Amino acid sequence: MADTPLEGSADGFADIASQLDYPMFIVTAFDGEERSGCLIGFATQSAIDPSRFLVALSNKNRTYRVASKAKHLAVHVLTPADRELAALFGEHTGDDIDKFDRCSWHEGPHALPVLDGPRAWFVGRILETFTTGDHGGFLLEPERGELRGDLDRLMTFKSVGDLDAGHGA
């Protein structure tokens, strides 16, 4: 069998990834002492039975540090109506401001901050954590949540591409 030449390029994945338009989420955490939250684009359901959801947090931000000491996380599903929250949790760092002083929220399950604006949220128990490169993976077992309205249009990565991140990737 003759050698088959390799097709594609080393930049092929980067080219593909730049065209994908993932949904955006805000993840909040509470470690018993400190609250934190951030805008994320790396998250997905990862199993049906039992239900599992995978969240990846940049290892450079405060939410990663708080989440690493927490037992649960809250995941908020965003729609275009949540643009101001996305800017607050995406452009600012908890190293400089208390984001929760600038938005409406309430204490949810496990004392987690649950944002009042998004149409959907759920809380998951952290089953496993692992390194995925410059992000940390948090495998969640969803426990409780609320659907407050239709999710027919989601906020996506491309719709927040103009935001200046509070921390680099």
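Keep in mind the model is a prediction, meaning the values are calculated, not measured.

Cut-offs used in this document
- Residues numbered from 1 in each chain as written.
- Predicted model: local features only at pLDDT ≥ 70, side-chain atom pairs only at ≥ 80, totals over all residues.
- Heavy atoms only, no water.
- Pairing = 2+ DSSP bridges.
- Helix = DSSP H or I, 4+ residues; strand = E, 2+ residues; numbered from the N terminus.
- Axes fitted to C-alpha atoms, helices over the stretch in contact; angles between N-to-C directions.
- Salt bridge = Lys/Arg side-chain N within 4 Å of Asp/Glu carboxyl O.

Visitor: I keep staring at the sheet that holds strand β1 (residues 25-30) and nothing clicks. Help me out?
Guide: Sheets are built from strands that pair by backbone hydrogen bonding, the pairs being arranged parallel or antiparallel. Strand order in the open sheet formed by seven strands is β2-β1-β5-β8-β9-β4-β3, and the pairing between neighbours is antiparallel. Only two strands of the sheet have a single partner each, and these edge strands are β2 (35-40) and β3 (43-47). Adjacent strand axes in the sheet meet at a mean angle of 35 degrees when their direction is disregarded. With six bridges connecting them, strand β5 (residues 72-77) and strand β8 (residues 120-131) associate as antiparallel partners.

Visitor: What's the story with the pattern of salt bridges in this structure? I'm lost.
Guide: Two side chains that carry opposite charge are able to pair once their charged atoms sit near each other. This model, assessed by the stated rule, comprises nine salt bridges. The salt bridge partner of Asp 95 is Arg 62, with a shortest N-O separation of 2.5 Å. Here the residue Asp 95 occupies a position in the loop between α3 (83-91) and β6 (105-107), and Arg 62 occupies one in helix α2 (residues 62-67), the gap between them amounting to 33 residues. Asp 95 is paired through a salt bridge with Arg 65; the nearest N and O atoms lie 2.8 Å apart. With Asp 95 in the loop between α3 and β6 and Arg 65 in helix α2, this residue pair connects regions lying 30 residues apart in the sequence. One connected set of salt bridges, linked through shared partners, spans Glu 34, Arg 62, Arg 65 and Asp 95.

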